[in-house]
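# Summary of structural features
Below, each chain spelled out in residue letters.
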Amino acid sequence: MRIAFMGTPEFAVPSLKALVEAGHEICGVFTQPDKPKNRGMKLQMPPVKEYALSVGLPVFQPARVRDGEALEILKGLEPELIAVAAYGKILPLEILELPRLGCINVHSSLLPKYRGAAPINWAILNGEDETGVTIMVMAEGMDTGDILSQRATPIPMEENAAQLFERLAQMGAELLVETVAQIGAGAVTPVPQDESGSSHAPMLSRELSPMNWEKTARQLHDQVRGLYPWPAATAVVDGVRCKILRTVPAGEAGKAAPGTVLQADKKGLRVACGDGALEILELQPDGKKAMAASAFLMGHPIRTGTVLTG
C-alpha cells in the first residue's frame, strides 16, 4: 500500500519501522522541524526523521500543517492512506479527506479513555490496572474518531511511564500493521466511540510534581512512576529538594503523621503516608546524579521522626 507517515518522537519510530518491514511503500514521512537542544542549542533531528533518513525515505518538515504547504506536498505524493503516530500537530479537514483510504492514528490508550497528549502517564497516575493501544480513524476532534482496532495490556505495579511507553510503542506498531492489512482487504469495520466513557489526558507540567504525604502510599507510588522521567515527582528530604524516581508501597505506618520518616538507614528510607507507608528506593537531589536512597543517606543522615514536605 502507498502510505504517507506522520510522526515525531521515539514512540512513533516502531510504527514507521513496522510499516517499512511489512513491505508498504512509504511515499513520504512528515515530522516536526528540527529543534535546538541542550546547552549548545544545536539543532537535533526528531527520532522519526533519523530513522526515515537511515532507510532512505523522503522527509518533509513543514512548520505548520494549516497553511496549505503540507496539503500540496501530499497531493503530489498521492498516498492511498495516511498513518499517524504522535505527530504533535492537528490535521485540517482537507488533509483528513485527501487519501482514498483515509487517515488513521495510533493512540496509546483504550479509547475513549484518555484522549489527549499524555495518555500513558495519566493511566498510571490514576492507578489504572490496564491500558492499551487503539488504531482509530482520524476526525477533526481530539481523538474522537471511530475505532478500527484495540489491544489491551495490564499495567504492573512496578512499571513506570517510560517502560510502559516502550511496550505500547511496540504494541501500537504491531496493531498498526495488522490493521492496515485489514483495511487493504476491506475487512475492518469502524466502531463509533462511546462518549459516555470518555476522559481526558492533558499535557504534564511541573505543577504535578510535589508529593502530598496526606495521600495514600499507592497514590504516591503511582505519582512517582506516572511522572517518570519528566517532570518527576518531587519531595523535600530534610531540606534537600529531590526528584523521587523509584518507590514501593511498604506496609503500614502505625499512628505516625503523614510525611514522618519511619526508617532511614542502610536498609532504606521509609515514610508514613495518609494510608500506609512508602519506601523510597531511588532519588535525585537537585544538581546531582540519581542515586539509591541508601547512598543518599550515607552522605545526608536523617533521623527517624523527621517530617518531609512536598
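Residues numbered from 1 in each chain as written. Predicted model: local features only at pLDDT ≥ 70, side-chain atom pairs only at ≥ 80, totals over all residues. Heavy atoms only, no water.

### A closer look at the overall build of the protein
Tallying secondary structure elements over the protein gives 8 helices and 17 strands in all. Principal-axis analysis of the C-alpha atoms places the extent of the protein at approximately 70 × 45 × 30 Å. Out of the 310 residues belonging to the protein, those deemed buried represent 47%. For the protein, the exposed surface amounts to about 14,900 Å²; the carbon and sulfur share of it is 52%. (Helix = DSSP H or I, 4+ residues; strand = E, 2+ residues; numbered from the N terminus. Buried < 20%, exposed > 50% of the residue type's maximum accessible area, 1.4 Å probe, protein only. Areas by Shrake-Rupley, 256 points an atom, 1.4 Å probe, with all protein chains shown as cover.)

### Side note on the sheet that holds strand β6 (residues 81-85)
Here we have 7 strands laid out as an open sheet, ordered β5-β2-β1-β6-β7-β9-β10, and mixed in their pairing. For this open sheet the edge positions go to β5 (59-60) and β10 (147-154), each flanked by a neighbour on one side alone. Relative to strand β7 (residues 103-107), β6 runs parallel, the two being bridged by 4 bridges. The residue bridging A85 from the neighbouring strand is V106, located in β7. Along the sheet face, helix α6 (residues 161-184) touches β1 (2-7), β6, β7, β9 (130-137) and β10 and points at about 150° away from the line of β10. (Pairing = 2+ DSSP bridges. Contact = heavy atoms within 4.5 Å. Axes fitted to C-alpha atoms, helices over the stretch in contact; angles between N-to-C directions.)

### A closer look at the pattern of salt bridges
Summed over all chains, the structure comprises 13 salt bridges. Measuring nitrogen to oxygen at the nearest pair gives 2.7 Å for the salt bridge that ties E159 to R167. Overlapping salt bridges bring together R218, D222 and R225 as one network. (Salt bridge = Lys/Arg side-chain N within 4 Å of Asp/Glu carboxyl O.)

### With respect to the side chain of T179
Tracing the chain through its elements places T179 in helix α6. Under the relative-accessibility criterion, T179 is labelled buried at 0%. In contact with T179, other than residues within four places in its own chain, are I135, L148 and S149.

### Notes on unusual backbone geometry
In the segment running from Y228 into P229, the intervening peptide bond is cis, with an omega of 5°. With respect to the helices and strands, P229 occurs in the loop between α7 (217-226) and β12 (233-237). Note the cis peptide between W230 and P231, where omega equals 5°. In this model, Y114 sits at a positive phi of 60°, which is unusual for a non-glycine residue. Inspection of the secondary structure puts Y114 in the loop between β7 and β8 (115-116). One non-glycine residue with positive phi stands out, namely A232, at about 75°. Among the structural elements, A232 can be located in the loop between α7 and β12.

### A short note on α7
The periodicity of an α-helix, 3.6 residues per turn, causes residues three or four positions apart to be oriented the same way. Burial analysis of α7 places 8 of its 10 residues in the buried class, which makes it a mostly covered element. Of the surrounding elements, those touching the buried residues of α7 are α5 (119-125), α6, β12, β13 (240-249) and β16 (277-285).

### Observations concerning the environment of V180
With respect to the helices and strands, the residue V180 is situated in helix α6. Residues V180 and H24, spaced 156 residues apart in sequence, show a C-alpha to C-alpha distance of 9.6 Å.

### Some words on the packing of aromatic side chains
Note on aromatic pairs: each is described by the distance of the centres and the angle between the planes. All chains considered together, the criterion is met by 2 aromatic pairs. Here the aromatic rings of F11 and F165 are separated by 5.5 Å at their centres, their planes lie at 70°, and the arrangement is edge-to-face. Residue F11 is found in the loop between β1 and α1 (13-21), and its partner F165 is found in helix α6; the two are separated by 154 residues along the sequence. By relative accessible area, F11 is classed as buried at 6%. F165 sits in the partly exposed class, given a relative accessible area of 30%. (Phe/Tyr/Trp six-rings, centres within 6.5 Å; stacked < 30°, edge-to-face > 60°.)

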